[in-house]
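Spelled out, the chains give:
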Amino acid sequence: MEALIPVINKLQDVFNTVGADIIQLPQIAVVGTQSSGKSSVLESLVGRDLLPRGTGVVTRRPLILQLVHVDPGDVRKSDESGREGEEWGKFLHTKNTLYTDFDDIRQEIENETERISGNNKGISDEPIHLKIFSPHVVNLTLVDLPGITKVPVGDQPKDIEVQIKDLIVKHISNPNCIILAVTAANTDMATSEALKVAREVDPDGRRTLAVVTKLDLMDAGTDAMDVLMGRVIPVKLGLIGVVNRSQLDINNKKSVADAIRDEHAFLQKKYPSLANRNGTKYLAKTLNRLLMHHIRDCLPELKTRINVLAAQYQSLLSSYGEPVEDQSATLLQLITKFAAEYCNTIEGTAKYIETAELCGGARICYIFHETFGRTLESVDPLGGLNTIDILTAIRNATGPRPSLFVPEVSFELLVKKQVKRLEEPSLRCVELVHEEMQRIIQHCSNYSTQVLSRFPKLHEAIVEVVTSLLRKRLPITNEMVHNLVAIELAYINTKHPDFADACGVMNNNIEESRRNRMREMPTAVPRDKAPASGPQGEQDGTGNWRGMLKKGEEAPGSGPGSPLKGAVNLLDVPVPVARKLSSREQRDCEVIERLIKSYFLIVRKNIQDSVPKAVMHFLVNHVKDSLQSELVGQLYKSGLLNELLTESEDMAQRRQEAADMLQALQKASQVIAEIRETHLW
């Protein structure tokens with residue numbers, strides 16, 4: 001079990017080299033108000049003067065202090081530079097430099113603090129890492145944090161209290177951290193800021209140990225018996241009282257060993273019943289025991305977390321790719337991969353299937369059969385035509401002569417007008433497919449060929465080439481679709497097999513009309529009988545003509561050329577007047593409407609079938625077939641290799657960071673794997 005703490009220290013070193021805090025390692029954090037004796041407690045645990053001391057704010061950066069126990073006989077083996085010495089220290093930021101003089105260690109801590117935090121009371125959350133090797137320490141990992149303060153001094157910002165509290169909470173909120181809450185005995189425990197902060201992140205008190213300092217500075221007549229017995233504020237892991245050196249002792253160079261001896265004498269004299277459960281030595285043993293049990297509890301979870309992260313970083317590193325060695329081969333490979341992914345997305349065989357929305361070939365299919373198909377079906381065959389329009393077209397087609405039959409020219413004119421309406425949705429279909437082909441470029445860049453993100457210039461060049469190819473094919477496809485509609489307009493095929501039924505209907509109507517006319521002929525005034533009206537006809541003149549007109553208008557078979565009601569002034573601009581249609585006019589309109597509808601449906605069916613085929617042939621398939629050759633022809637040139645395969649500025653850095661982190665995780669996994677299972681229990 002003793003081997004667990006060195007394992008955690010090794011892990012700490014591994015992750016410190018890459019500056020990562022993604023793994024929350026077990027450690028002990030020292031929390032307390034300013035000048036409550038936090039650094040003094042740490043010095044007592046180390047047994048040497050190594051931390052900056054004084055009044056006011058002294059600790060201005062977190063200090064991660066690793067105590068490593070070495071046997072006196074193993075000193076030379078542990079000392080990497082081969083220098084002899086019983087105790088020595090090593091900083092992470094100075095690499096392999098060893099410090100055997102602890103005054104140098106203290107000076108280096110002060111220098112490093114001022115380098116980051118300035119020399120006028122400012123604080124920083126960037127930690128200093130120090131490792132102490134000594135035969136006189138137990139294996140511990142401690143974090144000395146800046147003291148809680150209320151009022152800014154020197155260059156400290158106005159929100160110094162919030163900054164320090166955030167810094168402390170950041171370290172102690174780690175569930176694998178034991179909180180060492182330091183409180184001075186000459187203050188009221190109920191006002192302890194350290195216990196208050198500890199309780200915020202550890203309400204159950206499962207990882208909080210209280211340390212009461214300055215037992216020798218309490219007012220005369222008072223003692224800390226109730227506090228140390230846990231009667232004032234109970235703490236689950238216990239309360240331990242210690243006596244540190246005063247500033248006078250430090251000035252007089254009183255050694256830590258002498259201070260610990262005096263502390264033991266003080267406790268025996270003042271608190272004899274509690275002397276064996278208080279003091280610096282008991283504190284060190286307690287912390288060691290707590291840390292070991294804590295590590296034992298969280299090691300399995302730590303192992304799992306490291307393995308998961310290693311897999312994630314391995315995947316991330318793979319996505320960044322290897323540095324480019326053979327440029328021409330890499331360029332050709334990327335171009336080929338992009339072209340293949342583009343075609344696969346259209347075919348629906350891409351590796352990355354989109355689940356949020358339709359994409360690629362599926363979307364093109366949707367455009368053809370849902371969007372375009374439904375739009376054509378919603379086009380009314382007789383939209384924009386009313387009965388008056390049809391009648392006007394019939395009359396215009398007959399010229400000055402009244403017609404006996406419905407003229408075919410009127411049908412042709414009207415049906416062409418209706419067929420022309422199919423051109424706009426057809427061209428819109430081409431536009432939608434073109435837009436989807438553009439979207440596939442982005443889809444391939446985002447999902448399929450993530451390696452393109454390494455080379456932004458190559459990505460831009462590929463997008464430009466594909467966009468240019470699509471732009472080139474768009475007018476050709478539009479022209480073809482325009483021609484498809486023009487072909488339908490060029491020849492109205494009334495002999496179309498599907499149109500035969502409609503022609504039969506028309507012929508039946510014409511025959512019926514002819515029979516009706518034959519029946520109505522005797523009621524008309526014969527030409528040879530007209531003069532028999534004699535003088536009366538001459539007398540009435542226009543009146544008789546009007547009367548004939550009136551009769552003709554009322555007759556059920558009156559022709560389509562019959563004048564409208566009322567007098568007609570030929571000089572006036574003709575204005576359509578609403579009136580009831582005669583049965584002949586109604587029949588003629590119905591015939592034309594049926595024919596238009598029947599022929600329009602035939603043409604719509606043709607367009608609905610031929611436009612998707614034209615779009616597939618002239619746009620989609622052509623781009624698929626010529627994409628790779630176009631990309632190779634435009635981009636695979638020796639003069640462009642260096643420019644296209646220039647990585648983005650941060651890609652090399654990200655690859656290096658990922659590689660370092662992966663190496664650290666693999667090393668950490670190896671360190672944990674070396675622990676025998678028996679050590680866990």
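Residues numbered from 1 in each chain as written. Predicted model: local features only at pLDDT ≥ 70, side-chain atom pairs only at ≥ 80, totals over all residues. Heavy atoms only, no water.

1. Brief notes about the overall build of the protein chain
And then number 1: Helix and strand counts for the protein chain come out as 22 helices and nine strands.
And then number 2: Residue pairs in contact within the protein chain that sit at least 24 positions apart in sequence constitute 82% of those at least 6 positions apart.
And then number 3: Within the structure as shown, the protein chain displays about 36,400 Å² of accessible surface, and the carbon and sulfur contribution to it stands at 52%. (Helix = DSSP H or I, 4+ residues; strand = E, 2+ residues; numbered from the N terminus. Contact = heavy atoms within 4.5 Å. Areas by Shrake-Rupley, 256 points an atom, 1.4 Å probe, with all protein chains shown as cover.)

2. Re the packing of aromatic side chains
And then number 1: Summed over the entire model, instances satisfying the criterion amount to three aromatic pairs.
And then number 2: The interplanar angle of 90° and the centroid separation of 5.4 Å between the aromatic rings of F91 and Y99 together place this pair among those described as edge-to-face. (Phe/Tyr/Trp six-rings, centres within 6.5 Å; stacked < 30°, edge-to-face > 60°.)

3. Side note on helix 5 (residues 160-172)
And then number 1: Its 13 residues give helix 5 an end-to-end C-alpha distance of 18 Å, which sits within 8% of 18 Å, the value for a rise of 1.5 Å per residue.
And then number 2: Of all the positions in helix 5, only I160, I164, L167, I168, H171 and I172 are classed as buried. Take helix 5 and look down its axis: the buried residues cluster within an arc of 120°, on one side only.
And then number 3: Buried positions along helix 5 lie against strand 1 (27-32), strand 6 (140-144), strand 7 (177-184) and helix 6 (193-201). (Expected span 1.5 Å × (residues − 1). Buried < 20%, exposed > 50% of the residue type's maximum accessible area, 1.4 Å probe, protein only. Arc of directions from axis to C-beta.)

4. Things to note about the sheet that holds strand 7
And then number 1: With respect to topology, nine strands assemble into an open sheet ordered 4-3-5-2-6-1-7-8-9, the strand pairing being mixed. Both edges of this open sheet fall to strand 4 (98-99) and strand 9 (239-241), since each of them pairs with a single strand only.
And then number 2: Pairing of strand 1 with strand 6 involves three bridges; the strand directions are parallel. Paired with V30 across the strands is D144, a residue of strand 6.
And then number 3: Across the face of the sheet, helix 4 (residues 102-117) comes into contact with strand 2 (63-69), strand 3 (88-91), strand 4 and strand 5 (128-134) while running at roughly 170° to strand 5.
And then number 4: Helix 6 rests against strand 1, strand 7 and strand 8 (208-213) of the sheet, and its axis sits at about 155° to strand 7. (Pairing = 2+ DSSP bridges. Axes fitted to C-alpha atoms, helices over the stretch in contact; angles between N-to-C directions.)

5. Thoughts on the packing of helix 13 (residues 387-398) against helix 14 (residues 408-419)
And then number 1: Look at helix 13 against helix 14: their axes get within 8 Å of each other, and the N-to-C directions meet at 130°. For the element pair helix 13 / helix 14, the angle class is oblique. At the point where helix 13 passes helix 14, the crossing takes the right-handed sense. For the pair helix 13 and helix 14, contact is made by I390, A393, I394 and A397 and by V409, S410 and L414, respectively.
And then number 2: Of the residues belonging to the contact of helix 13 with helix 14, the class tally is six nonpolar, one polar and no charged. (Parallel < 35°, antiparallel > 145°, perpendicular 65-115°, else oblique. Left-handed = near helix turned anticlockwise from the far one by under 90°. Nonpolar A, V, L, I, M, F, W, Y, C, P; charged D, E, K, R; others polar.)

6. Some details on the environment of K303
And then number 1: On the secondary structure map, K303 appears in helix 10 (residues 280-320).
And then number 2: The sequence separation of K303 and S669 amounts to 366 residues, and the corresponding C-alpha distance is 6.9 Å.

7. Details of the pattern of salt bridges
Pairs can form between side chains of opposite charge whenever their charged atoms are close.
And then number 1: The tally for this structure, following the rule as stated, stands at 17 salt bridges.
And then number 2: Residue E436 is joined to R363 by a salt bridge in which the shortest nitrogen-to-oxygen separation is 3.5 Å. Within this pair, whereas E436 is found in helix 15 (residues 423-448), its partner R363 is found in helix 12 (residues 361-377), the two being separated by 73 residues in sequence.
And then number 3: With its nearest N and O atoms 3.0 Å apart, the salt bridge here joins R374 to E370. Placement of the pair is R374 and E370 together in helix 12, with a separation of four residues, close to one helical turn.
And then number 4: One network of salt bridges, in which partners are shared, links R61, E112 and R115. (Salt bridge = Lys/Arg side-chain N within 4 Å of Asp/Glu carboxyl O.)

8. Describing the environment of E263
And then number 1: Take E263: it is sitting in helix 9 (residues 256-270).
And then number 2: Along the primary structure E263 and N278 are separated by 15 residues, whereas in three dimensions their C-alpha atoms are 9.7 Å apart.

9. Comments concerning the environment of A673
And then number 1: Inspection of the secondary structure assignment puts A673 in helix 22 (residues 649-673).
And then number 2: Look at A673 and you get exposed, because its relative accessible area is 54%.
And then number 3: Residues A673 and K303, 370 residues apart in the sequence, show an inter-C-alpha distance of 8.5 Å.

10. With respect to the state of the cysteines
And then number 1: For the structure shown, the criterion picks out zero disulfides.
And then number 2: Left unpaired, C359 is separated from the closest cysteine sulfur, that of C444, by 7.7 Å.
And then number 3: You can call C359 buried: its relative accessible area is 17%. (Disulfide = S-S within 2.5 Å.)

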